[in-house]
Amino acid sequence: MTAQPAMKDLNVSTLVTPTTGVIADVAPELSGMLRVLTCGSVDDGKSTLIGRLLWDATDLFDDQRATLERGRRVDGGHPDFSLLMDGLVAEREQGITIDIAWRYFDTKTRRFVVIDSPGHEQYTRNMASGASHADVAIMLIDARHGIKVQTRRHAAILDLVGLKRVVLAVNKMDLVDWSESRFRQIEHDFRTLMWRFGFREAVAIPVAAVSGDNVAERSKHMAWYTGPSLLEHLEEIPSRGTEPVGAFRMPVQTVLRDSRADFRGLAGTISSGTVRVGDTVVDPVSRRSAKVQRIATMDRDYQEAVQGQAVAIQLDTDLDVSRGSVLAAPEAAPVVARTIEARFVWLSEIPFDKRGSYLVRTATDLVPVTNIEIKSLLDLDSLAVHPATACKVNDIAIANVALGRATAIDRFVEAQETGSFMLVDAISGATIAGGTVTSASPDIQQQDNVFVLTRAMLARGLSSDIANTPEGEAEFRRRANEVALLLRSAGVAVEVESLPDYVI
Amino acid sequence: MTVEISHLDLLEAESIHIFREAAAQFRKPVLLYSIGKDSTVLLHLARKAFWPGKLPFPILHVNTTWKFKEMIAFRDHWVKEFDLDLIEMTNHEAIAKGVNPYDYSPSIYTDIMKTVPLKAGLDQHGFDGAFGGARRDEEASRAKERVFSFRAEGHRWDPRRQRPEMWRLLNGRLGAGETARIFPLSNWTERDIWRYILREKLDVVPLYMAAERPTIERNGQILMYDDNRFPLKPGETPVMRSIRFRTLGCWPLTAAVESNAVTIEEVVAETLGARNSERSGRLIDHDQVGAMEKKKQEGYF
Ligand SMILES: Nc1nc2c(ncn2[C@@H]2O[C@H](COP(=O)(O)OP(=O)(O)OP(=O)(O)O)[C@@H](O)[C@H]2O)c(=O)[nH]1
Ligand SMILES: [Mg+2]
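Bear in mind that the values here come from a model prediction, so they are computed numbers and not experimental data.

Let's shift gears to the environment of Thr215(B). All names here are of chain B. Inspection of the secondary structure puts Thr 215 in strand β7 (residues 211-218). For the pair Thr 215 and Pro 238, spaced 23 residues apart in sequence, the C-alpha separation works out to 5.0 Å. Sequence-distant contacts of Thr 215, defined by excluding residues within four places in its chain, comprise Ile 222, Leu 223, Met 224, Tyr 225, Thr 237, Pro 238, Val 239, Arg 241 and Ile 243. Engagement of the side chain of Thr 215 in a polar contact is seen with the backbone oxygen of Val 239, the distance being 2.7 Å.

Below, the structure is given as structure tokens:
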């Protein structure tokens, strides 16, 4: 295939986009963002609720409104608002949600991101994906049916991913004659879940999604309810963390270079805390530290950068740091972990296999797993934890995970981004489970007959072509991981020797 | 201390993070460049992600040969300016057989002229991850897509088997025969794109701004007469109108809107007040219900 016949070059001056310089009035930047999740059991009206909210409160495009008006009708002769969310052909045909839908709308000062999740148990993995991105969850309950197992499962997942701010929406109030006693009953039942999972500020609102009662506008059918509509309530909730919390962490994604300017920047997104030029930072695994010389971006340098910013940090001495390391505040560094205790939700249809090859994906590291020991599962009826050794799809488990080499990790309650992980199937690449670290330890779990894959063994043949650079080290680790996985799938318990100690 | 971070700053940081993750995790990524406003933002963010280094991957443009002339000129200008490594793919066999947007339905034309050469390009070069500028707010099936979106052999998308994606963690490990699409602009809206273009003072193809251009009106849609391959029906003559485009594609398949917005601010002001979604100007999306999803299952980007 060849280039297309040359066309006369446009005069470059015509490429300069004309502006008149009144941008701020036309398109002010919004000062905040709030991500809202819907969840709850199947058919409780999640998609209808969000569809109705978009219909009433946002400037939906005319062609989208027209399409909905032409489509099928539901109770009360209203358009089927769920069609605004359920965009897959299979979803429309079956009238259910399969995967999460993302929708966006703006109020005067803020961006709302709405994530509509499926209630069906089979698609719990998709709900878990959505939940981990949300700041607040709207938990729906059908007024006729009350709390179901799936309601409890979703509540447990909210707790797992660290989502504590929940709004209870008791839906389909039209089908229970707008009954206050029914609403109070469900509100009361929900308290058990609130206490169990420590949800904060859990406000309860009676709604009817199809008719829009208490969705954007206050309902005329429930004089006994004097609280805000759902939208009014959401507008009161503060935006997502603009306050840097916790000690400084930056998982290193890649190393950027400019040979002309003698620049070597460790690139990443600051995952917690604040960093300033002149601060000492440490790489916990090598235990070496250095001072921040420059915080650089393409636009400008910063004296200080905070959580959420994507930057490149240049240090005053060249640490052997590459992808997978976490730069941290030395006084409160992450654990250099060989064993973690974790809570996770099993997302794969293939159950946990003691002999399976798994990898742990942390913020930027990928570490082979030498052993997983399931300790207990959450019982969704009693909400109690029972001892267990097996684990299958949609289970919420507590387990010990032994890592094939040391990596920097936090407890989730201390630093969410460096304290969460995904379990990956080494062969298919699939994401198997998503979890949070409850404790991390540098101790190596005792195991019989463990084969130790040493650096010397690998350096001799398989990795003899690798240069002694940070990138080389990353490639060395990658190969070591792969060899460990192959051995493991052949039934050999294996461990990868750690980096040599750099303590001087 | 409370730090005010605007929503555009949050979106920018998220996109840069995605670029860096993907570049580190995939063996041989490529950036799909379509010259429009989304591609312009995508390219700008990629440059920020890897500054001061060069882009660590090439860009790929699928040229149907029915693109607006100004688009190609714009592309070539920036490829030179940023020292980009451009790969162009065109289905020359189909052109030789006479495939064109007039005698073929939009969906068949799109498949032959866009999807086929795109897949060929990815396969020939062995790219295992391809960045695209798709946004979730564009269309109902896009609203369901992950940031790392996996394709089975033959580039097929199976919307029922998407990988879970939790927190900021991105898992790009591929199974046998799999490749990935990567969407750094997933959470951007059309308005954000314009706001960002203004803020960063980016140049866009002049077709986004209104000007007097030769047009033909058909079935209530205004089309631009870009060259004499446009088969005029009896009685049709090009009429000069002040028009601009909300999205850019192949000129026979992209409808214009009448507008007097000649500066980018005026375009943004009009966009903020727009009553129809941007894709309403794309003739291919009107073909059938679930059209986009179907195309994607067949390997469309
Ligand atoms: N009468 C009445 N019907 C409702 C109300 N809200 C939703 N429905 C109906 O309940 C059914 C399920 O609604 P959906 O919005 O699809 O429910 P969902 O929770 O999104 O379902 P999944 O996503 O599949 O879990 C539809 O037939 C709706 O029309 C309501 O307030 N009143
Ligand atoms: Mg739904």
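Residues and elements named next belong to chain A. Around the magnesium ion (ligand 2), the protein contributes the donor atoms Ser 47 (OG) and Thr 97 (OG1), at 2.0 Å from the metal centre. Here the residue Ser 47 occupies a position in helix α2 (residues 46-57), and Thr 97 occupies one in the loop between α4 (89-94) and β2 (101-106), the gap between them amounting to 50 residues. The same class applies to Ser 47 as to Thr 97, namely buried.

Counting 158 residues, the largest nonpolar core has Leu158(A) and Phe19(B) as the members making the most contacts within it. Residues Ala342(A), Trp346(A), Ile372(A) and Cys391(A) belong to the second largest nonpolar core, which totals 26 residues.

Residues and elements named next belong to chain A. The topology assignment puts Leu 34 in strand β1 (residues 32-40). C-alpha separation for the pair Leu 34 and Thr 254, spaced 220 residues apart in sequence, amounts to 29 Å. Among residues more than four places away in sequence, those in contact with Leu 34 are Arg 110, Arg 111, Phe 112, Val 113, Asp 135, Val 136, Leu 234, Ile 237, Pro 238, Ser 239 and Arg 240.

Turning our eyes to something else, we now look at helix α6 (residues 190-199) of chain B. All names here are of chain B. Among the ten residues that make up α6, nine are buried, leaving the element largely enclosed by the rest of the structure. Among all positions in α6, only Glu 190, Arg 191, Asp 192, Ile 193, Trp 194, Arg 195, Tyr 196, Ile 197 and Leu 198 are buried. Where α6 ends, the next residue or the one after it, Lys 201, has phi of about 55 degrees, a positive value.

Cut-off values and rules
Residues numbered from 1 in each chain as written. Chains lettered and ligands numbered in written order. Predicted model: local features only at pLDDT ≥ 70, side-chain atom pairs only at ≥ 80, totals over all residues. Heavy atoms only, no water. Helix = DSSP H or I, 4+ residues; strand = E, 2+ residues; numbered from the N terminus. Contact = heavy atoms within 4.5 Å. Polar contact = N/O pair within 3.5 Å; in protein donor to acceptor, adjacent residues only side chain to side chain. Donors = N, O, S within 2.8 Å, 3.2 Å for Na, K, Ca; no water. Buried < 20%, exposed > 50% of the residue type's maximum accessible area, 1.4 Å probe, protein only. Core = buried A, V, L, I, M, F, W, Y, C linked by side-chain atoms within 4.5 Å.

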